[in-house]
Amino acid sequence: MGLENTLFESLPDVLTVKLDSVINWARKSSLWPATFGLACCAIEMMNTVSARNDLSRFGAETFRASPRQADVMIVSGRVSRKMAPVLRRIYDQMPEPKWVISMGACATSGGVFDNYAIVQGVDKIVPVDVYVPGCPPRPEMLIHAIMMLQEKVMNESVRDRRDTFEEESRRAIVPGTLPITMGTESETAAKTATTRPYTIASRHERRKSS
Amino acid sequence: MLDTTVLHEFVEKLKTENSAWIGDTIEAHGEVTVIVPRESIVDVCWVLKTKHGFDMLADLNGADRGPEEDPRFEVVYHLFSTKHYNRLRLKVLLSEDDPRVSTVTTVWKTADWHERETFDMFGVIFDGHPDLRRILLPSDFDGHALRKDYPLRGYEPYSLT
């Protein structure tokens, strides 16, 4: 491998980086979706991971049959009212950090099924990070959605996902230890500038802003 | 036109057995439908199964003619014989005030889930059914979805709680 030969020559032995960027980089490079096919979109989702489109190029090919081992839930298809509590339970069983992709028109808004049996948008049940239009979306669109999610993951901070609010945890700091830095002004400005307008804030982001 | 004389023979045999069993006979598209009073549906099914070889209940379903009609509901029994390959259809008409009919699970075991579905979608009560509860819709569902007066979007917007 060429990397081992060149890496130590070009870089120093010790690097200083932001903890957030290292953790986020690790998270975004190994997104593990939960296997959750609901309808015809699931066929496109299978195609996304298979040879021609090959989602593993972007580090998200390891579909898990257990929500305990998954990061991303791809809601691929219409969610019936009977399935809704099941979907919510699977979401709750996924460990933090977790993200949701709403794939296709039906998962996003109910699609053509404007009736008593179908939930009109999966965001009524779980917080959604990326919406994918299409009926069904092409595998390329799903890959694009996952890459958008990776961008979003890179912009997150580990602090966003703590169970306590910022003020409470500040009060809990023992005097003399390092305070939590909020980041410089230019950093936060750059963060808001790169936030895509067409992804809504997840639960954690909303918690952060409140 | 398909020949239905064999089917009419079965109806005649039923008539000679008990004339009260047969309410009306409809023939259309080479198929024969018999309207049966609801008190005698189990007897008719039992005789057709044991004596006339209709050993298979191909389907059992409901129908709603609309809230303005009386009788409003139909329960339809599609019978098939694996011995002489004939099909016969039985119908029971029910009013809205009293949508009850006896179960035929005693004749064909397969009627169990069919009757649950008919109950689920139309609210027809099957007396004597071993386990009459919803089968397709969620157990906390309000109303019966395939009734003509059921609104397309349901009575209430969906919420998890």
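Residues numbered from 1 in each chain as written. Chains lettered and ligands numbered in written order. Predicted model: local features only at pLDDT ≥ 70, side-chain atom pairs only at ≥ 80, totals over all residues. Heavy atoms only, no water.

Turning our attention to the overall build of chain B. Along the backbone of chain B there are three helices and seven strands. Traced from its N-terminal end to its C-terminal end, chain B shows the element sequence α-β-β-α-β-β-β-β-α-β. Along the three orthogonal principal directions, the C-alpha set of chain B runs to about 55 × 30 × 30 Å. For chain B, the residues scored as buried account for 46% of the 161 residues in total. Contacts in chain B between residues far apart in sequence, at least 24 positions, make up 51% of those at least 6 positions apart. (Helix = DSSP H or I, 4+ residues; strand = E, 2+ residues; numbered from the N terminus. Buried < 20%, exposed > 50% of the residue type's maximum accessible area, 1.4 Å probe, protein only. Contact = heavy atoms within 4.5 Å.)

This part takes up the environment of Gly143 of chain B. Residues and elements named next belong to chain B. Assignment of secondary structure puts Gly143 in the segment after β7 (125-127). It is 8.1 Å that separates the C-alpha atoms of Gly143 and Tyr155, two residues lying 12 residues apart in sequence. If near-sequence neighbours (up to four positions away) are discounted, Gly143 is found in contact with Arg134, Tyr150 and Tyr155.

What follows covers the sheet that holds strand β4 (residues 73-80) of chain B. Residue and element names in this part refer to chain B. On the basis of which strands lie adjacent, the open sheet formed by five strands has the order β1-β2-β5-β4-β3 and mixed pairing. Only two strands of the sheet have a single partner each, and these edge strands are β1 (24-28) and β3 (56-64). Sheet twist, expressed as the mean angle between neighbouring strand axes with direction ignored, is 20°. Bridging between strand β2 (residues 31-35) and strand β5 (residues 87-94) involves three bridges; their strand directions are parallel. Bridge pairing in β5 links Thr33 to Arg89. In the packing of helix α1 (residues 5-17) onto the sheet, the strands contacted are β1, β2 and β5, and the crossing angle to β2 comes to about 20°. Helix α2 (residues 41-50) rests against β4 and β5 of the sheet, and its axis sits at about 170° to β5. (Pairing = 2+ DSSP bridges. Axes fitted to C-alpha atoms, helices over the stretch in contact; angles between N-to-C directions.)

Let us look at the interface of chain B and chain A. Between chain B and chain A, the residue contacts involve 15 residues of the former and 11 residues of the latter. Interface area for chain B against chain A, summed over the two sides, is near 1,100 Å², with a carbon-plus-sulfur share of 63%. As a salt-bridge pair, Asp114 of chain A and Arg153 of chain B come within 2.4 Å of each other at their nearest N and O atoms. The tally of links between chain B and chain A comes to four residue pairs in polar contact (both at pLDDT 80 or more). For the side of chain B that touches chain A, a count of residues per class yields 12 nonpolar, one polar and two charged. (Buried area = accessible area lost by both parts, 1.4 Å probe. Salt bridge = Lys/Arg side-chain N within 4 Å of Asp/Glu carboxyl O. Polar contact = N/O pair within 3.5 Å; in protein donor to acceptor, adjacent residues only side chain to side chain. Nonpolar A, V, L, I, M, F, W, Y, C, P; charged D, E, K, R; others polar.)

In terms of nonpolar packing, the biggest core is built from 39 residues, with Tyr77, Leu79, Leu88, Leu90 and Val101 of chain B touching the most fellow members. For this core, the secondary structure elements donating two or more residues are α1, β2, α2, β3, β4, β5 and α3 (111-122) of chain B. Broken down by element, this core gets its largest block of residues, five residues, from α2 of chain B. Counting residues in hydrophobic clusters, the runner-up holds 19 residues, among them Leu55, Ile143, Leu149 and Val153 of chain A. (Core = buried A, V, L, I, M, F, W, Y, C linked by side-chain atoms within 4.5 Å.)

All names here are of chain B. Here Glu115 lies in helix α3. This buried residue, Glu115, is left without a salt bridge; Arg116 holds the nearest opposite charge, at 9.6 Å. Here Val104 takes part through its backbone nitrogen, which lies 3.0 Å from a polar atom of the side chain of Glu115. Beyond its immediate sequence surroundings of up to four residues, Glu115 is in contact with Leu60, Thr103, Val104, Thr105, Phe126, His129 and Leu132. (Lys, Arg positive; Asp, Glu negative; His and termini not counted.)

Turning to a nonpolar patch on the surface, a few remarks are in order. On the surface, a nonpolar cluster with roughly 560 Å² of combined accessible area is contributed by Leu7, Phe8, Leu11, Leu15, Val17 and Val22 of chain A. Inspection of the secondary structure puts Leu11 of chain A in the loop between α1 (2-10) and α2 (19-29). (Patch = residues over 30% accessible without salt bridge, like charges linked within 9 Å, V, L, I, M, F, W, Y side chains within 5 Å. Areas by Shrake-Rupley, 256 points an atom, 1.4 Å probe, with all protein chains shown as cover.)

All names here are of chain A. The pLDDT averaged across chain A works out to 78; a share of 75% of its residues lies at or above 70. Mean pLDDT values for the elements of chain A range from 51 in helix α7 (residues 166-171) up to 92 in strand β4 (residues 130-132). Segment residues 172-181 is flagged for pLDDT under 50; beyond a separation of four residues in sequence, or across chains, it makes eight contacts in the model. Predicted confidence is poor over residues 195-202, with pLDDT under 50, and the contacts of this stretch with residues over four places away or in other chains come to 14 contacts. (pLDDT = per-residue confidence, 0-100.)

Time to look at the pattern of salt bridges. Residues and elements named next belong to chain B. Per the counting criterion, the structure on display carries 17 salt bridges over all chains. A salt bridge links Arg72 to Glu96; its shortest N-O distance comes to 2.8 Å. Here Arg72 is found in the loop between β3 and β4, whereas its partner Glu96 is found in the loop between β5 and β6 (100-102), with 24 residues between them in sequence. One connected set of salt bridges, linked through shared partners, spans Asp64, Arg72, Glu96 and Asp149.

Residue and element names in this part refer to chain A. Along helix α3 (residues 41-49), the residues classified as buried are Cys41, Ala42, Glu44, Met45 and Thr48. Seen along its axis, α3 keeps its buried residues to an arc of 155°; they face one direction. Summarising the contacts, the buried residues of α3 are in contact with β2 (72-76), β3 (99-103), α5 (104-109) and α6 (139-154). (Arc of directions from axis to C-beta.)

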